[in-house]
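# Breakdown of the fold
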Amino acid sequence: METTSGAVAQASAAEGRRQLSATRRAVDSYLLAPFPWYGLDEAFTGPRWLMQVGTAADGAVEHGSIGHGDEPSVKNEYAVGSAGEPREKFAVVVTVAANPSRRSADGTGLLEATSVSSAAWLAGVGLLSFTWPGQMDHTLRDEWLEQQTETAWALADDLSGPVWSTLSLPVDGAPVSFHYRESEFGWVLAGSTREGVHLGAYGRGMSAYGLGFAMIKDIRRYA
């Protein structure tokens, strides 16, 4: 029993070290960004966790995501709990650097400009990555995801369209107008800040109404 317990403890400790190392590597990636990161403001008191950053062709960090609440997993049953409520309740904030079209570091081409539409598309695809319809076979997921990704891009490219409404939420204490839409899988919103970044967000089980956003003072606290 002691030998077994010792082996389990050693394995658990090793796994903990691997997770800590991975978290530190993730923080290092966030620290490379030349722009501020955003998350939910202090009114949210639940868990917060790092997700991943996205880079441009020249390796520069262009965007990244911060999770809040329950860490979501892909659920082909819509993660429904009791009384029809989603079992996983989360909100993810996506920060996107506001960059114009510019030449790559090696001078071989142009890097795509970013906009509020970029934030809306990243948020829309982020929500899709944790969802697919319960009646769908696993073998059809890739085809469904490709179609829905194209739809998310089309919707993000038409923020003045009928699918979107306007929602005013505080950013660093000041009201900001966001583009907002809901679907059967959750909600998506996108807007801009005064700090040179665009914000996207998506979630399920947590209402977007009443949320607030704030600049993260020290991303290393998430490690």
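Anyway, here's the lowdown on the structure attached to this text. Note that this is a predicted model, so its numbers are computed, not measured.

Conventions adopted
- Residues numbered from 1 in each chain as written.
- Predicted model: local features only at pLDDT ≥ 70, side-chain atom pairs only at ≥ 80, totals over all residues.
- Heavy atoms only, no water.
- Helix = DSSP H or I, 4+ residues; strand = E, 2+ residues; numbered from the N terminus.
- Buried < 20%, exposed > 50% of the residue type's maximum accessible area, 1.4 Å probe, protein only.
- Contact = heavy atoms within 4.5 Å.
- Areas by Shrake-Rupley, 256 points an atom, 1.4 Å probe, with all protein chains shown as cover.
- Core = buried A, V, L, I, M, F, W, Y, C linked by side-chain atoms within 4.5 Å.
- Expected span 1.5 Å × (residues − 1).
- Pairing = 2+ DSSP bridges.
- Salt bridge = Lys/Arg side-chain N within 4 Å of Asp/Glu carboxyl O.
- Phe/Tyr/Trp six-rings, centres within 6.5 Å; stacked < 30°, edge-to-face > 60°.

Turning next to the overall build of the protein. Scanning the protein from terminus to terminus reveals three helices and eleven strands. Reading the protein from its N end, one meets helices and strands in the order α-β-β-β-β-β-β-α-α-β-β-β-β-β. Out of the 223 residues belonging to the protein, those deemed buried represent 43%. Long-range contacts, defined as pairs at least 24 residues apart, comprise 59% of the intrachain contacts of the protein with a sequence gap of at least 6. Within the structure as shown, the protein displays about 12200 Å² of accessible surface, and the carbon and sulfur contribution to it stands at 51%.

A word on the nonpolar core. Counting residues in each nonpolar core, the largest one holds 33 residues, and the members touching the most others are Leu 189 and Phe 213. Mapped by element, the contributors of at least two residues to this core are helix H1 (2-31), strand S1 (38-40), strand S3 (61-69), strand S4 (90-97), strand S7 (165-171), strand S8 (174-183), strand S9 (186-192) and strand S10 (197-204). One finds Val 94, Val 116, Ala 120 and Trp 164 within the second-largest nonpolar core, a separate group that totals 18 residues.

This brings us to helix H2 (residues 116-128). Given a rise of 1.5 Å per residue, 13 residues ought to cover 18 Å, and the 19 Å separating the end C-alpha atoms of H2 matches this to within 8%. Within H2, eleven of the 13 residues are buried, which leaves it mostly tucked inside the rest of the structure.

A negative phi holds for most residues other than glycine; trans holds for most peptide bonds. A positive phi angle is found at Asp 172, which is not glycine, with a value near 55 degrees. Inspection of the secondary structure puts Asp 172 in the loop between S7 and S8. Residue classification places Asp 172 among the partly exposed residues on the basis of a relative accessible area of 39%.

In terms of burial, S4 is largely enclosed, as eight of its eight residues are buried. With burial as the criterion, each face of S4 is covered, one bearing Phe 90, Val 92, Val 94 and Val 96 and the other bearing Ala 91, Val 93, Thr 95 and Ala 97. Sheet analysis places S3 next to S4, joined by seven bridges and oriented antiparallel. In the strand pairing of S4, Gly 64 is matched with Thr 95. Where S4 meets S10, seven bridges bridge the pair, whose relative direction is antiparallel. Bridge assignment links Val 92 to a residue of S10, and that residue is Tyr 202.

Take the environment of Ala 98 next. When you line up the elements, Ala 98 lands in the loop between S4 and strand S5 (102-103). Residue classification places Ala 98 among the partly exposed positions, given a relative accessible area of 35%. For the pair Ala 98 and Val 116, spaced 18 residues apart in the sequence, the C-alpha separation amounts to 8.4 Å. Among all residues touching Ala 98, those that are not within four sequence positions of it are Thr 114, Gly 196, Val 197 and His 198.

Another aspect to go through is the pattern of salt bridges. Scanning all chains against the criterion turns up one salt bridge. The partner of Asp 218 in a salt bridge is Arg 220, with the nearest N and O atoms 3.0 Å apart.

Looking now at the environment of Asp 157. One can find Asp 157 in the loop between helix H3 (141-156) and S7. A relative accessible area of 56% places Asp 157 in the exposed class. For the pair formed by Asp 157 and Ala 120, sequence separation is 37 residues and the distance between their alpha carbons is 8.5 Å.

Before going further, it helps to spend a moment on the packing of aromatic side chains. In the structure shown here, the tally under the stated rule is seven aromatic pairs. A ring pair is formed by Phe 90 and Tyr 202, whose centres lie 6.4 Å apart and whose planes are at 80 degrees; its orientation type is edge-to-face. You can see Phe 90 sitting in strand S4 and its partner Tyr 202 sitting in strand S10, a full 112 residues away along the chain. Side by side, Phe 90 and Tyr 202 carry an identical accessibility label, which is buried. A network of ring pairs unites the aromatic residues Tyr 30, Phe 35 and Trp 37 as a single cluster.

Honestly, it's all geometry; don't read function into it.
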